[in-house]
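Reading the structure
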Amino acid sequence: MFDTRTLALVNGFSNFKLPCISISSCSTKPLKLIGSKSINDIAMNIFSELQRCSSLITLRKLHAKFIAHGLKDTGLSTKIVVLYVSFKRVDVARSVFECLSNPSSYLWNIMVKGYATQGLFGHSLGLYWEMMQKGLKPDKYTFPFALKSCAGLSDLNMGKLVHQHLVCCGCSHDVFVSAALVDMYSKCGYIEAARLVFDKMSVRDLVSWTSMISGYAHNGCNIETMAFFNLMRDSGTQSNRVSILSVLLACGNLGALRKGEWLHNYVIQTGFEFDILVVTAIMDMYTKCGSLDLARRLFDGTPGKDVVCWSAMIRSYGIHGQGKKSLDLFNGMLKAKVKPNHVTFTCILSACSHSGLLEEGKKCFESMVKDFGISPQLNNYACMVDLLSRLGQLSEAEKLIENMPLEPDASIWGSLLGACRIYGNLDLAERIADHIFALDPSHSGYHVLLSNIYAAKCRWKDVEKVRKVMVRRGANKVQGFSLIEFNNVVHKFGVGDRSHPQSHKINGLLEELAAPMKRLGYVPLTDFVLHDIEEEAKEEALLYHSEKLAIAFGIINTPPGTSIRVTKNLRICGDCHNAIKVISKIVNRVIIVRDMHRFHHFEDGLCSCGDYW
DNA sequence: TTAGGGTTAG
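Predicted model only: the values in this text are computed from it and were never measured.

Thresholds applied
- Residues numbered from 1 in each chain as written.
- Chains lettered and ligands numbered in written order.
- Predicted model: local features only at pLDDT ≥ 70, side-chain atom pairs only at ≥ 80, totals over all residues.
- Heavy atoms only, no water.
- Helix = DSSP H or I, 4+ residues; strand = E, 2+ residues; numbered from the N terminus.
- Buried < 20%, exposed > 50% of the residue type's maximum accessible area, 1.4 Å probe, protein only.
- Contact = heavy atoms within 4.5 Å.
- Lys, Arg positive; Asp, Glu negative; His and termini not counted.
- Charge placed at Lys NZ, Arg CZ, Asp CG, Glu CD.
- UniProt positions renumbered as here; feature names shortened; annotations may be inferred.
- Expected span 1.5 Å × (residues − 1).
- Arc of directions from axis to C-beta.
- Near = heavy atom within 4 Å.
- Polar contact = N/O pair within 3.5 Å; in protein donor to acceptor, adjacent residues only side chain to side chain.
- Nonpolar A, V, L, I, M, F, W, Y, C, P; charged D, E, K, R; others polar.
- Pairing = 2+ DSSP bridges.
- Domains from an automatic or database assignment.
- Axes fitted to C-alpha atoms, helices over the stretch in contact; angles between N-to-C directions.
- Salt bridge = Lys/Arg side-chain N within 4 Å of Asp/Glu carboxyl O.
- Right-handed = clockwise from strand over helix to strand, strands pointing away.

1. Quick notes on the overall build of chain A
When its secondary structure is counted, chain A shows 31 helices and 6 strands. Projected onto its principal axes, the C-alpha coordinates of chain A cover approximately 105 × 60 × 55 Å. Within chain A, buried positions represent 51% of all 613 residues. Taking the contacts inside chain A whose residues are at least 6 apart along the sequence as the reference set, 65% of them involve residues at least 24 apart. Looking at chain A, you have 69 positive and 57 negative side-chain charges, and the mean spots of the two groups are 6 Å apart.

Following this line, the structure appears as structure tokens:
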């Protein structure tokens, strides 16, 4: 049976008992007929006008009439509440609702829904609780919105509690409720529970499939997203824009260009090619797969571009290190009379940062408030800190953090720590590390960064100390891996990975390349090996980094002259950056590497980032 | 009366 067993699994209980909740029914109150015929006529007249009401102004007039004639607590109230909610005035709807002596379950549902759809999740759940306390039985119309609110708050505990309630109320087989459960668990990051609920569904409609696919995509389960998209199509369920958006996101994350091109074609066949959301997602996919040209071609051919579409294209140039083009596009956006938002400025400031455009970045940052009335948010400050610190203006960056009107988070200090590694500033690094670890003690990346800084100065005792602190704090180092698509399959390599069937050939090629690489001036950067081991062993450890393995796989399996595209989950390592430059020259290939922050296009011994990254 | 969605720093 689905109900209690799934719930027990989700909650990690071996035995699960249904909680007792008191439930009583409540019927919809009919329109109260008031003794005088004229009042009744007025009520009927208002009711028929409410039926036709299509604007907030008309509703306000009818509401005033309703109050003037003392018609409160009648069936008219229900209609007025519903209309206020539909006009997104849930606050006014609440005031009418509060005047009712015994609102129906239907109206409670409308209010729970009203708050949830307005993003007022706490209010929505507050009403949900109140409803339960009054002994009203939530039903299949209540639970999807109560669950949506739990998802909106990422409140897994509350979500589990609502799951228990809906099992008690006999709603666990409802297809809408189940889809909302899948969505709630995946938005709370508990994708395994989402899958358990999905697997137990006896009937799966389009929304249940898309909830699961979107859940996988937004939890970074890219392979599963693609697999589920195929399973959905195999089951005979027609895909829609939401499932297409999810699969495009996963495809971009994997850097799977061939699959992405197939999806673009699929979008054209299924008639979504003029949907601006889908177009933006395709552009983003092409960008992430390293094909800026295809993204731009699509952008140019799209009419009615909105702020999101423009911002996405601005970001595309930014992460490919073409900051000047981002700025040109920003001007084009203003000429097209599309108003930027704070995300647009995040994209443009980040683009300036990747290209080292200090003055341009400063101007944009100032014009946010001055010309557009947009107050900079944390992300915008983070970009400015990154821009300054990457250019070596560490004290100015520190000043900006100390004087910003918002509370800086660990990641803003983290940008400065990244620059301390580039400029070897150990004093500042040690000073700001305290801020960082106070704000985010278990972030593995900052520990690794600090450890890197010590390692570069051969402070091995401190490297060891940081490692011990990491273990104590449970900050596990994220394992690096690189992906490469070949023949519609994405191949994954970890550092020193020997599990691939072609491992022998791959390692052989890297060993073969070592001598010509050295002849072209490549010197292994052993600073990037974080262990106090012999230099020779360090060089060998560097040779089998995941990005080098993936590139060697690409060289072996693709025809001479074709580009090689690799995606890495962490930042590219400095030694690999040097190595790939010379490899691109030796094998005469364009090698495009996407790391967690940006793209590097290697060609003929050079990188598009100009070694500024 | 019921659901799922495109761009956001490092």
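Once you've had a look at it, read on.
2. A short note on the UniProt feature "repeat: PPR" (unreviewed entry) in chain A
As annotated by UniProt and renumbered to match this structure, "repeat: PPR" (unreviewed entry) occupies residues 104-138, 205-239, 306-340 and 341-376. Within residues 104-138, the helical portion is 74% and the strand portion 0%, while the C-alpha atoms at the span's ends are 11 Å from each other. Note that residues 205-239 is 74% helix and 0% strand, and that its end C-alpha atoms are spaced 11 Å apart.

3. Details of helix α19 (residues 323-335)
An α-helical turn contains 3.6 residues, so any two residues separated by three or four positions project in the same direction. Taking 1.5 Å per residue, 13 residues should reach 18 Å; α19 reaches 19 Å between its end C-alpha atoms and fits that length. Taken as a whole, α19 has its buried residues at Gly323, Ser326, Leu327, Leu329, Phe330 and Met333. Buried residues of α19 fall within an arc of 160° about the axis and therefore sit on the same side. Of the exposed residues in α19, the ones pointing more than 90 degrees away from its buried face are Lys324, Asp328 and Lys335. Residues of α19 that are buried make contact with α17 (292-300), α18 (307-319), α20 (342-355) and α21 (358-372).

4. Concerning the side chain of His264
Here His264 is to be found in helix α15 (residues 257-269). Among the residues examined, His264 registers a relative accessible area of 17% and is labelled buried.

5. Quick look at the protein's contact with DNA strand B
Around DNA strand B lies a shell of 48 residues, among which Lys113, Asn240, Arg241, Arg315 and Ser411 are the nearest. Considering DNA strand B, the proportion of its atoms within 4 Å of the protein that are sugar or phosphate atoms stands at 47%. Contact distances for DNA strand B include 3.4 Å between a base oxygen and a backbone N or O atom of Lys140. Note that a phosphate oxygen of DNA strand B is positioned 3.4 Å from one of the side-chain N or O atoms of Lys148. Considering only residue class, the surface near DNA strand B consists of 19 nonpolar, 17 polar and 12 charged.

6. Quick notes on the pairing of strand β1 (residues 481-486)
With 6 bridges joining them, β1 and strand β2 (residues 489-494) adopt antiparallel strand pairing. Bridging from a neighbouring strand, Glu485 pairs with Val490 of β2. If you look at the hairpin formed by β1 and β2, you'll find 2 residues sitting between the two strands, and Asn487 has a positive phi there, around 50°.

7. Topic: the domain arrangement of chain A
Size of an interface: often given as the accessible area lost when the parts come together. Assigned domains of chain A: these are domain 1 (377-478) and domain 2 (481-607). Taken over C-alpha atoms, the centre of domain 1 sits 27 Å from the centre of domain 2.

8. With respect to the sheet that holds strand β4 (residues 591-594)
Spatially, the 6 strands line up as an open sheet ordered β2-β1-β3-β4-β5-β6, and their pairing is mixed. In this open sheet, the two edge strands, each paired with only one partner strand, are β2 and β6 (606-607). Note that β4 and strand β5 (residues 599-603) share 4 bridges and pair antiparallel. Residue pairing across strands places Val593 opposite His600, the latter belonging to β5. Strands β4, β5 and β6 of the sheet are contacted by helix α31 (residues 574-587), whose axis makes an angle of about 35° with β5.

9. Description of the pattern of salt bridges
Inspection of every chain in the model, using the stated rule, returns 21 salt bridges. In this structure, the salt-bridge partner of Arg195 is Asp199, at a minimum N-O distance of 3.0 Å. Of the two residues, Arg195 and Asp199 are both situated in helix α11 (residues 191-200); the distance of 4 residues between them amounts to about one turn of the helix. Judged by relative accessible area, which is 30%, Arg195 ranks as partly exposed. Overall, the relative accessible area of 40% leaves Asp199 in the partly exposed class.

10. Observations concerning the pairing of strand β3 (residues 564-568)
Within β3, 4 of the 5 residues are buried, which leaves it mostly tucked inside the rest of the structure. With 2 bridges joining them, β1 and β3 adopt antiparallel strand pairing. Counted as the bridge partner of Ser482 is Lys568 from β3. Of the pairings in the sheet, the one linking β3 to β4 comprises 4 bridges and is parallel in character. Looking at the pairing, Ile564 lines up with Ile591 of β4. Viewed along the sheet, the connection from β3 through α31 into β4 turns out right-handed.

11. Points about the side chain of Arg594
You can see Arg594 is positioned in strand β4. Of the side chains bearing the opposite charge, Asp595 lies closest to the buried Arg594, which forms no salt bridge; the N-O distance is 7.3 Å. Polar side-chain contacts of Arg594 include one of 3.0 Å to the backbone oxygen of Asn253. Ignoring sequence-local partners within four residues, the contact set of Arg594 consists of Gly252, Asn253, Gly255, Lys288, Val566, Thr567, Lys568 and Phe599.

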